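Overview (structure and organization)
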Amino acid sequence: MTPMQNKEIRLASRPAGVPTLENFQFVDTEVPQPASDEVLVRLRYISVDPYLRGRMREGKSYIPPFEIGDPIRSGAVGEVVESNSSNFKAGDLVGGMFGWRLYDVAHAATLMKVVPGVSPTTALGVLGMPGLTAYFGLLDIGRPQEDDTVLVSGAAGAVGMTVCQIAKLKGCRVVGIAGSDEKNEFLQSELGVHATINYKTTEDIPGALREACPSGVDVYFDNVGGKISEAALLRLNHQARIVICGQISMYNSSEPPVGLCPQPFLLVNSALMKGFIVTDYAERFAEGVAQLAEWFVSGKLKHAETIAEGFDNTPQAFIGLFAGDNLGKQIVKL
Ligand SMILES: NC(=O)c1ccc[n+]([C@@H]2O[C@H](COP(=O)([O-])OP(=O)(O)OC[C@H]3O[C@@H](n4cnc5c(N)ncnc54)[C@H](OP(=O)(O)O)[C@@H]3O)[C@@H](O)[C@H]2O)c1
């Protein structure tokens, strides 16, 4: 029996600067009917992610923009209510891409059953897209070697804290940059990060990096861009690797970025700087999830989550990413 009441959150207007609640609109809608090979899902957890900000602006990117009036779509986990696919039955917990809705339909081929025996929210964090981003970005591009110094910006977020821990598993010295003393305390005491910098209270970031990375930086995992990443360029070692994962400090800016040119620093250090999108590694996702799950279940890899309660708080949870309200993966529980 299909329940009748549904609700969705649409893009009401394109944000100018940091998104506000006015950029979102709540609309009552019908519960959709699943077609052949489709599944009707009642959403339980929605992932809010920084990259959604990019989809709210017009113009070409690696993924098409949302149009005004479109429901926002992101990763989510939910319970199958009705299934027209032999692969899923009512009650199954599945992860996939969904609209910000109470109920949504998805093609069965786009869904994955949630890893059993662990919290379903891990499918949105440490065992999902952010975990895979950390895994492939660090290991494939950063190629950390034992005793390397690995510097991570956005270190207390979903991707960043996974990077810190994988780097530690590889025997590296890890330095994290995050936006509060509480986050840095968590990185050091819970995850064993060797040194941390609070970029919001540190005036001289190059000086703080000199102190925290006395032997220079072999791998810089860049989640934020801007001034922090300029300072990292000054500490590069010979054949350093810079992994460009995210540039969140610029996501709300409409101006083209200006700053230090990286080329001279790459040249004199024979260094590599490479961007990537996690879906570049889609064919290897099963390998990544298997390794992350093994580390997670054996206690070698920890996670943290910040869970906002209630569907209506989804836009605010998203906006909070740009103020650093989250420790670890930001999720909304419906
Ligand atoms: N390449 C890919 O395929 C891929 C995939 C996933 C994510 N990403 C990128 O990776 C980064 C992290 O993503 P995530 O999902 O793990 O998010 P997250 O780190 O869990 O959340 C975002 C964090 O960014 C920090 N932040 C916000 N504004 C900032 C600013 N102006 N300067 C410096 N830090 C700022 C905040 O922490 P503080 O308190 O420390 O400021 C906030 O908690 C993002 O840039 C995202 O776009 C890339």
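The structure we're discussing is the one just above.
This text gives an overview of the structure that appears in the document. (Residues numbered from 1 in each chain as written. Predicted model: local features only at pLDDT ≥ 70, side-chain atom pairs only at ≥ 80, totals over all residues. Heavy atoms only, no water.)

What follows is about helix H8 (residues 285–297). Within an α-helix, residues lying three or four positions from one another point in the same direction, as the helix has 3.6 residues per turn. An ideal rise of 1.5 Å per residue puts 18 Å on 13 residues; H8 measures up with 18 Å between its terminal C-alpha atoms. For H8, the full list of buried residues reads Gly288, Val289, Leu292, Ala293, Trp295 and Phe296. Take H8 and look down its axis: the buried residues cluster within an arc of 165°, on one side only. Across H8 from its buried face, at more than 90 degrees, point the exposed residues Ala286 and Val297. Those residues of H8 hidden inside the fold are in contact with helix H2 (129–142) and helix H3 (158–169). Following H8 by one or two positions, Gly299 has its phi on the positive side, about 85°. (Helix = DSSP H or I, 4+ residues; strand = E, 2+ residues; numbered from the N terminus. Expected span 1.5 Å × (residues − 1). Buried < 20%, exposed > 50% of the residue type's maximum accessible area, 1.4 Å probe, protein only. Arc of directions from axis to C-beta. Contact = heavy atoms within 4.5 Å.)

What follows is about the packing of aromatic side chains. With the rule as written, the count across this model stands at 10 aromatic pairs. For the ring pair Phe276 and Tyr281, a centre distance of 6.2 Å and an interplane angle of 70° mean the geometry is edge-to-face. The pair Phe276 / Tyr281 is uniform in exposure class, with both members buried. The ring of Phe66 has Arg55 lying over it, and the distance from NZ or CZ to the ring centre is 4.1 Å. (Phe/Tyr/Trp six-rings, centres within 6.5 Å; stacked < 30°, edge-to-face > 60°. Lys NZ or Arg CZ within 6 Å of the ring centre and 35° of its normal.)

This paragraph deals with the site of the ligand. In the vicinity of the ligand, 26 residues are found, and the nearest of them are Lys183, Tyr199, Tyr251, Val278 and Asn326. One nitrogen or oxygen atom from the main chain of Cys245 is found 2.9 Å from a nitrogen atom belonging to the ligand. At 2.9 Å, a backbone N or O of Phe276 approaches a nitrogen atom of the ligand. Among the secondary structure elements, those contributing two or more residues to the shell around the ligand are H2 and H3. Tallied by class, the residues present in the shell around the ligand amount to 15 nonpolar, 10 polar and one charged. (Near = heavy atom within 4 Å. Polar contact = N/O pair within 3.5 Å; in protein donor to acceptor, adjacent residues only side chain to side chain. Nonpolar A, V, L, I, M, F, W, Y, C, P; charged D, E, K, R; others polar.)

Turning our eyes to something else, we now look at the packing of H2 against H3. It is the contact of H2 with H3, at a shortest axis distance of 8 Å, that shows an interaxial angle of 45°. Between H2 and H3, the angle is such that the two are oblique. As for how H2 packs across H3, the hand of that crossing is right-handed. Facing H2, whose interface residues are Pro130, Gly131, Thr133, Ala134, Tyr135, Leu138 and Leu139, H3 presents Ala158, Val159, Thr162, Val163, Ile166 and Ala167. The residue makeup of the contact of H2 with H3, split by class, is 10 nonpolar, three polar and no charged. (Axes fitted to C-alpha atoms, helices over the stretch in contact; angles between N-to-C directions. Parallel < 35°, antiparallel > 145°, perpendicular 65-115°, else oblique. Left-handed = near helix turned anticlockwise from the far one by under 90°.)

At a closest axis distance of 9 Å, the pairing of helix H5 (residues 205–212) and helix H6 (residues 226–233) adopts a crossing angle of 50°. The angle between H5 and H6 falls in the class oblique. Crossing geometry of H5 relative to H6 is assigned as right-handed. Taking contact as the criterion, the partners of Ile205, Pro206 and Leu209 in H5 are, on H6, Ile228, Ala231 and Ala232. Of the residues contributing to the contact of H5 with H6, the split by class is six nonpolar, no polar and no charged.

This paragraph deals with the pairing of strand S3 (residues 38–47). Burial within S3 is extensive, with seven of its 10 residues counted as buried. Pairing between S3 and strand S6 (residues 103–107): five bridges, direction antiparallel. When the sheet's bridge partners are listed, Val41 is paired in S6 with Asp104. In this structure, S3 lies alongside strand S4 (residues 73–83), joined through seven bridges in antiparallel fashion. Paired with Leu40 across the two strands is Glu82, which belongs to S4. Where S3 lies against strand S15 (residues 329–333), three bridges are found, and the strand directions are antiparallel. Along S15, the bridge assignment pairs Ile46 with Val332. (Pairing = 2+ DSSP bridges.)

On their own, these measurements won't tell you what the molecule is for.
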